[in-house]
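Fold and geometry: a report
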Amino acid sequence: MRIGNIILDGPAVAAPMAGVSDRAFRELCRGYGAAMTYGEMVSCKGLLYHDRKSKELLAFGEGERPIALQLFGDDPKLMGEAAAMVMEHRPELLDINMGCPAPKIALNGCGSALMKNPELCGRIVEAVVKASNVPVTVKIRKGWDEETVTAVEVAKICEQAGAAAITVHGRTRAQMYAPPADLDIIRQVKAAVKVPVIGNGDIDTPADAARMLEETGCDGVMVGRGALGAPWVFREINAWLLHETVVPYPSVTERMMVMLKQGKLACTYKGERVAMREMRKHAGWYMRGLHGAPAFRAKAGTLTEYADLERLAAEVIQANTL
Ligand SMILES: Cc1cc2nc3c(=O)[nH]c(=O)nc-3n(C[C@H](O)[C@H](O)[C@H](O)COP(=O)(O)O)c2cc1C
């Protein structure tokens with residue numbers, strides 16, 4: 001897949017996930033073969049007001065490249081100004097969030113609320129493209145609700161305004177994350193634009209990725225929740241799509257080692273206190289399907305030091321190996 005002048009080395013990218021896809025997680029995903037990673041969404045107003053947290057979200061390491069940084073906002077002028085600030089971080093791509101359903105974003109006219117106003121989407125893309133020296137992409141939803149299915153219209157307008165690729169999450173805002181993603185709307189967008197289209201929604205396995213590519217004709221896939229506590233999913237997807245090979249699911253020991261690696265990286269980037277608080281949910285995801293998972297998850301909820309995480313990993317390995 002090629003987006004503007006950026007050539008990706010695989011078919012699957014790691015989704016932006018606020019509060020989740022931080023440096024440590026992105027580094028692991030890239031290490032396991034994600035063709036690109038996305039930063040957590042950043043408020044354009046936050047950046048322009050020099051909010052410390054917003055600026056911190058733009059930090060990334062060289063090992064994560066290629067990376068897309070993502071902005072949200074609803075004012076073309078402010079989005080352009082914020083885009084110019086993002087350029088100082090030299091990402092490969094700048095992505096615009098047109099899909100976030102969270103009330104504090106969407107009810108303020110940003111994220112998925114933009115799907116109700118295709119013309120505004122075009123003006124935002126135009127302003128951001130003008131202020132950027134890297135390809136600008138958009139991440140959209142199927143629409144706002146079943147009465148306002150605008151993905152095709154928004155995609156066409158964004159393409160005309162200069163978007164270099166379009167990611168489509170096949171759900172409306174009203175559907176949040178629940179019913180199965182609508183692959184047909186992704187197919188329709190792909191048929192309507194010339195720029196690459198990335199299909200998104202419910203890709204947890206190589207078979208899901210293959211189905212998305214086959215049924216929609218999209219150029220690449222984006223994996224979000226399927227990579228939580230399972231960044232190796234990119235290795236599995238690549239092996240299947242590129243070599244028709246099934247790689248064995250990682251052993252419990254490997255899974256715990258990956259969890260520890262993520263914890264260690266997070267400590268480096270955020271300090272132990274914040275890292276371990278945030279690792280509580282990640283550790284819970286790493287326990288998925290394991291013997292004794294509910295009790296281990298409860299323990300994960302009390303992590304405060306890296307040593308706690310090491311103890312937890314050792315207990316999980318012991319309880320799950322003969
Ligand atoms: C916890 C969480 C945070 C998310 N944050 C963002 C975000 O910052 N920007 C964005 O465009 N999408 C965000 N999303 C949406 C995902 O990128 C993706 O579109 C959605 O989860 C559907 O893909 P999946 O079924 O593979 O998870 C988020 C999703 C989750 C679950």
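Residues numbered from 1 in each chain as written. Predicted model: local features only at pLDDT ≥ 70, side-chain atom pairs only at ≥ 80, totals over all residues. Heavy atoms only, no water.

An unreviewed UniProt entry lists the chain under the name tRNA-dihydrouridine synthase, with Solibaculum intestinale given as the organism. UniProt, in the comment section headed Cofactor (unreviewed entry), describes the chain in these words: "FMN". Turning to the chain, the UniProt annotation filed under Function (unreviewed entry) states: "Catalyzes the synthesis of 5,6-dihydrouridine (D), a modified base found in the D-loop of most tRNAs, via the reduction of the C5-C6 double bond in target uridines." (UniProt positions renumbered as here; feature names shortened; annotations may be inferred.)

Looking now at the environment of Asn-97. Residue position: Asn-97 is located in strand β7 (residues 93-98). Each C-alpha atom of the pair Asn-97 and Leu-312 lies 36 Å from the other, and the pair is 215 residues apart in sequence. Beyond its immediate stretch of four places on either side in the chain, Asn-97 contacts Met-41, Gln-70, Leu-71, Phe-72, Gly-111, Leu-114 and Lys-139. (Helix = DSSP H or I, 4+ residues; strand = E, 2+ residues; numbered from the N terminus. Contact = heavy atoms within 4.5 Å.)

The domain boundaries assigned to the chain delineate domain 1 (2-243) and domain 2 (252-317). Taking the mean C-alpha position of each, domain 1 and domain 2 sit 28 Å from one another. Domain 1 puts 16 residues into the contact, and the matching count from domain 2 is 15 residues. Interface area, domain 1 with domain 2, both sides summed: about 1300 Å², of which 61% is carbon and sulfur. The largest per-residue losses of area from domain 1 upon contact with domain 2 belong to Leu-28, Leu-228 and Trp-232, which jointly make up 32% of the total buried on that side. One can count two salt bridges joining domain 1 with domain 2. Our count for the contact surface shared by domain 1 and domain 2 stands at six residue pairs in polar contact (both at pLDDT 80 or more). Looking at the side of domain 1 that touches domain 2, the element that brings in the most residues is helix α1 (residues 23-31), giving five residues. In terms of residue class, the side of domain 1 that touches domain 2 is built from nine nonpolar, two polar and five charged. (Domains from an automatic or database assignment. Buried area = accessible area lost by both parts, 1.4 Å probe. Salt bridge = Lys/Arg side-chain N within 4 Å of Asp/Glu carboxyl O. Polar contact = N/O pair within 3.5 Å; in protein donor to acceptor, adjacent residues only side chain to side chain. Nonpolar A, V, L, I, M, F, W, Y, C, P; charged D, E, K, R; others polar.)

Take the site of the ligand next. The environment of the ligand is formed by 16 residues, the closest being Ala-18, Gln-70, Asn-200, Asp-202 and Arg-225. With the chains in place, 89% of the 610 Å² that the ligand exposes on its own is no longer accessible. Its residues placed into classes, the shell around the ligand shows seven nonpolar, six polar and three charged. (Near = heavy atom within 4 Å. Areas by Shrake-Rupley, 256 points an atom, 1.4 Å probe, with all protein chains shown as cover.)

Core analysis: the biggest nonpolar cluster contains 91 residues, and Leu-71, Met-98, Ile-140, Phe-234 and Met-256 have the highest contact counts within it. A per-element tally of this core places helix α11 (residues 252-270) first, with eight residues. Looking at which domains feed residues into this core, each of domain 1 (2-243) and domain 2 (252-317) supplies at least three. Setting aside chain neighbours within four positions, we find Ile-140 in contact with Met-98, Met-115, Ala-151, Val-154, Ala-155, Ile-166, Thr-167, Val-168 and His-169. (Core = buried A, V, L, I, M, F, W, Y, C linked by side-chain atoms within 4.5 Å. Buried < 20%, exposed > 50% of the residue type's maximum accessible area, 1.4 Å probe, protein only.)

With that settled, consider the packing of helix α9 (residues 206-216) against helix α10 (residues 233-243). Viewed as axis vectors pointing N to C, α9 and α10 meet at an angle of 50°, and their least axial separation amounts to 8 Å. Looking at the two axes, α9 sits oblique to α10. When you trace α9 past α10, the crossing you get is right-handed. Note on element contacts: α10 touches α9 through Glu-236, Ile-237, Trp-240 and Leu-241, opposite Pro-206, Ala-209, Ala-210 and Leu-213. Of the residues assigned to the contact of α9 with α10, the class counts are seven nonpolar, no polar and one charged. (Axes fitted to C-alpha atoms, helices over the stretch in contact; angles between N-to-C directions. Parallel < 35°, antiparallel > 145°, perpendicular 65-115°, else oblique. Left-handed = near helix turned anticlockwise from the far one by under 90°.)

A few words now on a positive patch on the surface. Together, Lys-53, Arg-273, Arg-277 and Lys-281 make up a region of like positive charge exposed at the surface. Per-element tally for the positive patch: the top contributor is helix α12 (residues 272-286), with three residues. Relative to the helices and strands, Lys-53 is located in helix α3 (residues 52-56). (Patch = residues over 30% accessible without salt bridge, like charges linked within 9 Å, V, L, I, M, F, W, Y side chains within 5 Å. Lys, Arg positive; Asp, Glu negative; His and termini not counted. Charge placed at Lys NZ, Arg CZ, Asp CG, Glu CD.)

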